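Report on the structure
As a plain string of letters, each chain reads:
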Amino acid sequence: MSTISIHRPEFLSFTNDGFRNHHKRHKIAASFTMTMDSRSSQTRKKEELSIQAPATSIPQAETSRLSDLRFDRLQIPEKELIHEDKFEFGQFVARDAIIDEEFWTAAWLRAESHWEDRINDRYVDNHKRKFAEQEFHAIKRRRTAQHGQKCRCIVTVRKEDKNVKRTVLKSVVGTLDLSIRCLLQGESFPGERVKVPVFRTFCRRGPNTYGYVANLCVAKSARRQGIASNMLHFAVESVKSDGVEHLFVHVHRDNSPAQDLYQKMGFKIVEAASSQLLEEKTYLLCCRV
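Predicted model, so just to flag it, every value in this text is computed and none were measured. (Residues numbered from 1 in each chain as written. Predicted model: local features only at pLDDT ≥ 70, side-chain atom pairs only at ≥ 80, totals over all residues. Heavy atoms only, no water.)

**Topic: the nonpolar core**
With 31 residues, the main nonpolar core has Leu-178, Val-213, Leu-216, Ile-227, Leu-247 and Tyr-262 as its most contacted residues. Elements that contribute at least two residues to this core include exactly strand S4 (92-96), strand S6 (172-182), strand S7 (209-219), helix H6 (227-241), strand S8 (246-252), helix H7 (256-264) and strand S10 (282-288). Broken down by element, the residue count for this core peaks at 8 residues, all from H6. Those residues within four positions of Leu-178 in sequence are excluded, and the remaining contacts are Lys-150, Cys-151, Arg-152, Ile-154, Tyr-212, Val-213, Ala-235, Ser-238, Val-239 and Leu-247. Core analysis: the next-biggest nonpolar cluster, separate from the first, contains 24 residues, Leu-69, Ala-106, Cys-153 and Val-157 among them. (Core = buried A, V, L, I, M, F, W, Y, C linked by side-chain atoms within 4.5 Å. Buried < 20%, exposed > 50% of the residue type's maximum accessible area, 1.4 Å probe, protein only. Helix = DSSP H or I, 4+ residues; strand = E, 2+ residues; numbered from the N terminus. Contact = heavy atoms within 4.5 Å.)

**Some points on the pattern of salt bridges**
One pass over the full model with this rule turns up 17 salt bridges. Arg-129 is paired through a salt bridge with Asp-125; the nearest N and O atoms lie 2.2 Å apart. Residue Arg-129 and its partner Asp-125 are both found in helix H4 (residues 122-142); the two are separated by 4 residues, about one turn of the helix. The exposure classification of Arg-129 matches that of Asp-125, with both residues buried. Linking Lys-150 and Asp-242 is a salt bridge whose minimum nitrogen-to-oxygen distance equals 3.0 Å. Taken together, the residues span a long stretch of sequence, with Lys-150 in strand S5 (residues 150-158) and Asp-242 in the loop between H6 and S8 at a distance of 92 residues. Where salt bridges share partners, they join Arg-110, Glu-135, Arg-142 and Asp-177 into one cluster. (Salt bridge = Lys/Arg side-chain N within 4 Å of Asp/Glu carboxyl O.)

**So, the side chain of Glu-187**
Along the chain, Glu-187 turns up in the loop between S6 and S7. Assessed through its relative accessible area of 11%, Glu-187 is described here as buried.

**Re H7**
The periodicity of an α-helix, 3.6 residues per turn, causes residues three or four places apart in sequence to face the same way. Taken as a whole, H7 has its buried residues at Ala-258, Gln-259, Leu-261 and Tyr-262. Viewed along the axis of H7, the buried residues span an arc of 160°, placing them on a single side of the element. Its side-chain oxygen 3.2 Å from the backbone nitrogen of Ala-258, Asn-255 forms the N-cap of H7. With its phi angle positive at about 100°, Gly-266 sits one or two positions after the end of H7. (Arc of directions from axis to C-beta. Polar contact = N/O pair within 3.5 Å; in protein donor to acceptor, adjacent residues only side chain to side chain.)

**Things to note about unusual backbone geometry**
A positive phi angle is found at Asn-215, which is not glycine, with a value near 60°. Mapped onto the secondary structure, Asn-215 falls in strand S7. Looking at Asn-215, the relative accessible area reads 3%, which means it is buried. Positive phi, close to 55°, is recorded for Lys-281, a residue that is not glycine. Here Lys-281 shows up in the loop between helix H8 (276-280) and S10.

**Topic: the packing of helix H3 (residues 100-115) against H4**
Put simply, H3 and H4 touch, their axes get as near as 8 Å, and they point 135° apart. Between H3 and H4, the crossing angle belongs to the class labelled oblique. Seen from above, H3 lies across H4 with right-handed handedness. Facing H3, whose interface residues are Asp-100, Phe-103, Trp-104, Ala-106, Ala-107, Trp-108, Arg-110, Ala-111, Glu-112, His-114 and Trp-115, H4 presents Val-124, His-127, Lys-128, Arg-129, Phe-131, Ala-132, Glu-133, Glu-135, Phe-136, Ile-139, Lys-140 and Arg-142. (Axes fitted to C-alpha atoms, helices over the stretch in contact; angles between N-to-C directions. Parallel < 35°, antiparallel > 145°, perpendicular 65-115°, else oblique. Left-handed = near helix turned anticlockwise from the far one by under 90°.)

**Examining the packing of aromatic side chains**
One pass over the structure, following the stated rule, counts 7 aromatic pairs. Aromatic side chains Trp-104 and Phe-136 sit 6.0 Å apart centroid to centroid with 65° between the ring planes, which places their arrangement in the edge-to-face category. Placement of the pair is Trp-104 in helix H3 and Phe-136 in helix H4, with a sequence separation of 32 residues. On the basis of relative accessible area, Phe-136 is assigned to the buried category, the value being 0%. Taken together, a centroid distance of 5.6 Å and an interplanar angle of 85° make the contact between Tyr-210 and Phe-248 edge-to-face. With Tyr-210 in strand S7 and Phe-248 in strand S8, this pair connects stretches of sequence that are 38 residues apart. Assessed through its relative accessible area of 5%, Tyr-210 is described here as buried. Aromatic ring contacts, followed pair by pair, group Phe-71, Trp-104, Trp-108 and Phe-136 into a single cluster. (Phe/Tyr/Trp six-rings, centres within 6.5 Å; stacked < 30°, edge-to-face > 60°.)

**Quick word on the pairing of S4**
Of all 5 residues that make up S4, 5 are buried, and the element is covered over most of its length. Inspection of the sheet shows strand S3 (residues 86-89) paired to S4 by 4 bridges, in the antiparallel sense. The residue bridging Lys-86 from the neighbouring strand is Arg-95, located in S4. Both S4 and S5 contribute to a ladder of 5 bridges, which runs antiparallel. Residue Ala-94 lies in a different strand from S5, and its bridge partner there is Thr-156. (Pairing = 2+ DSSP bridges.)

Encoded structure:
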C-alpha cells in the first residue's frame, strides 16, 4: 500500500483517556493511500491543527455532539440536501460536507491517513480516535466565518445507487479543506513568519486575499479514479467564483508524487517564498486561477 504524505504533525501530546467508551462504536474498517497535508510552519499549525489542544479543552457542548452521531445513518439522497454547488465526475460527486456524519467521516479519513503506516495496535488506535474527535470539532469551528475568512470542508461521495444502500461512512471517499484567507500584515506569502504586529485585513477580495488547500486525502478503496485531481479542480473553480486569483498549498520537498499531482493541476513552485521553507523542507505552490 503506497502513501502520499506531505507533512506529518506530531500527536504525542494526547492523553489516554476520554475515548475509551467509544472504542467499538467509532471503529471504521478503512485504509487510505493519499494524504496531502499542507501543515508545516508553526504559524500554519496554529491556524490548521486542532490536535495541539488537549481533549479536555473541548467544551462540554461540543463533546456531547459525538453522542448524537448516527454511524449507521444511510447516505442521504442528493435531492434532499441543500448545497450551493457541486462537481460530478464518474461515479462521484464533490461538494461541501453538510451533515455531522460527513464531517466525522472526513475527520476519521484524515486520522487514518496520518496513522496508516503505523502498526495497528491499541496505542495507535487510541491516538487515531482522539485525533478524529478533535478534528471533527475543528472542522465545525473552521466553518464559522471569522475575520473575513471562510473555510469549507469539501468531501467526495459516491453517487447514489437505487440498488445499493450505503451508510454515510461508506459513501465519503475523499476530503479536503478549502479556505479563503487574507494575508497578515507583513506577509508576502501564506504562512510566513510575521515580524511586525499582526493585524488582519478584513477585505474578502483584492490582492491580499487568497485561497488555500489543506488536508487532501483519498480512501484506498477509491484511489486511481481521479478523485484527488477532481477535488482540486472543484477547489480551483470555487475560489475563482469567489473572485480570488491565487490558490496556495504547501508540499513536503520529499513528496514527489504530491508535487506531480499539483503541478499537473497547474500549480507552480513559488521560488520567491521565504527562506523558512528551507528549514521545514517544504515547497509553497501556487495556482493562478
